[in-house]
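Listed below are the residues making up each chain.
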Amino acid sequence: NSHEALSSRLAGNAFATGGLVDFTGPVIRLQNLTQEDLFILLGKVRNVFCGGEGATLKFPDEAITAFMRHCMERIGEAYFRTPRTSIRSFVQLLSVLDQNPNARWQELVNQTEVEADTPSALTEIVDDESEGKTEDDDLATFRL
């Protein structure tokens, strides 16, 4: 269903196989995060969100661990392997804590809604095989 011209432009480098990578293309395929990677990433997101000052006072490392545990209970390993929604939920939690000084992370963490990521339409475009479309189809089946 994808447009052949777009698919060919988004296709990966045919020589980047067997552990070799190419980070110059329009689509960069990254390896999945580990739990440790996500912990570090969430700590950095927290520090940026809080402006670096008092970040660990507002939302200590134990809060990050509690958030990750909550995500694991809700959606399993998907929370760190495909962390888009986990990170979005984390930032939303930080926003509520920032705007409501009397709110406590201990009470809010378990209320956080987290859902597993679904494949994006862009992934489908990149991964779909062309079904006989030609460049004359002029984006007739393009979707995002």
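Numbering of residues begins from 1 in every chain and follows the order in which that chain's sequence is written. For a predicted model such as this one, the threshold for reporting local features is a pLDDT of at least 70, and the threshold for listing and counting side-chain atom pairs is 80 or more; totals across whole chains, interfaces and linings nevertheless cover every residue. Based on all heavy atoms of the structure, the side-chain values leave hydrogens and waters out of the count.

Caption draft 1: Highlighting a nonpolar patch on the surface. A contiguous nonpolar patch, built from V21, F23 and I28 and spanning about 300 Å² of accessible area, is present on the exposed surface. Strands here are runs of E lasting at least two residues and helices are runs of H or I lasting at least four, both read from the DSSP assignment and numbered beginning at the N terminus. As for its position among the elements, F23 is in the loop between α1 (4–10) and α2 (35–49). Within this analysis, patches are made of residues with over 30% relative accessible area and no salt bridge. Like charges are joined at 9 Å or less; nonpolar side chains (Val, Leu, Ile, Met, Phe, Trp, Tyr) at 5 Å or less. With residues, only the protein chains shown are counted as cover, and all accessible areas are computed by Shrake-Rupley using a 1.4 Å probe. Put simply, a salt bridge is a Lys or Arg side-chain nitrogen that is within 4 Å of an Asp or Glu carboxyl oxygen.

Caption draft 2: Representation of the packing of helix α4 (residues 61–75) against helix α6 (residues 84–99) in the model. Here α4 crosses α6 at 135°, and the two axes come no closer than 11 Å. What the angle tells us is that α4 and α6 run oblique. Crossing of α4 against α6: the hand is right-handed. In this structure, α4 contributes I64, F67, C71 and I75 to the contact, and α6 contributes S86, S89, F90 and L93. In terms of residue class, the contact of α4 with α6 is built from six nonpolar, two polar and no charged. For helices, the fitted axis covers only the stretch in contact; all axes are lines through C-alpha atoms, and the angles between them, taken along N-to-C directions, range from 0 to 180 degrees. Geometric relationships in this document are graded by angle, where less than 35 degrees denotes roughly parallel, more than 145 denotes roughly antiparallel, 65 to 115 denotes roughly perpendicular, and other angles denote oblique. It is the rotation of the near helix from the far one that decides the hand of a crossing: anticlockwise by less than a right angle makes it left-handed, clockwise makes it right-handed. Any two residues whose heavy atoms approach within 4.5 Å are treated as being in contact. Any residue outside Ala, Val, Leu, Ile, Met, Phe, Trp, Tyr, Cys, Pro, Asp, Glu, Lys and Arg is labelled polar, Gly included; the first ten of those are nonpolar and the last four are charged.

Caption draft 3: Up close: the layout of surface pockets. Approximately 290 Å³ is the volume found for the second largest pocket. Definitions used for this entry: grid spacing 1 Å over protein atoms alone; cavity, a set of points where a 1.4 Å probe fits but cannot get out; pocket, an open set with protein on both sides within 12 Å along at least 5 of 7 lines; lining residue, one with an atom within 4 Å of a point. As for the second largest pocket, its lining consists of 15 residues, of which G12, N13, A16, D22 and V27 are closest to the centre. In the lining of the second largest pocket, the residues fall into ten nonpolar, three polar and two charged. Grid points are joined across faces, edges and corners, and a volume is the space filled by probe spheres set on the points.

Caption draft 4: Spatial organisation of the environment of F59. Along the chain, F59 falls in the loop between α3 (55–58) and α4. Along the backbone, F59 and Q106 are 47 residues apart, and their C-alpha atoms lie at a distance of 9.7 Å. Excluding anything up to four places from it in sequence, F59 contacts R46, I64, F90, L93, L94, L97 and W105.

Caption draft 5: Structural view of the nonpolar core. Joining through side-chain atoms within 4.5 Å is the link that ties buried Ala, Val, Leu, Ile, Met, Phe, Trp, Tyr and Cys residues into a set, and such a set is a nonpolar core. Note on classification: 1.4 Å probe, protein chains only; a residue is buried when its accessible area is under 20% of the maximum for its type, exposed when over 50%, partly exposed between these limits. Ranked by internal contacts, the top residues of the largest apolar core, which has 16 residues, are L42, F59, F67, F90, L93 and W105. Of all the elements in the fold, those that place two or more residues in this core are α2, α4, α6 and α7 (105–108). With six residues, the single largest contributor to this core is α4.

Caption draft 6: Spatial organisation of the pattern of salt bridges. Under the definition given, this model contains two salt bridges. Measuring nitrogen to oxygen at the nearest pair gives 2.9 Å for the salt bridge that ties R46 to D61. Of this pair, R46 sits in helix α2 while D61 sits in helix α4, and the two are 15 residues apart along the sequence. Residue classification places R46 among the buried positions, given a relative accessible area of 5%. Overall, D61 belongs to the partly exposed group, its relative accessible area being 39%. A salt bridge links E107 to R104, with the nearest nitrogen and oxygen atoms 3.5 Å apart.

Interpretation note: all reported values are geometric properties and have no functional meaning in isolation.
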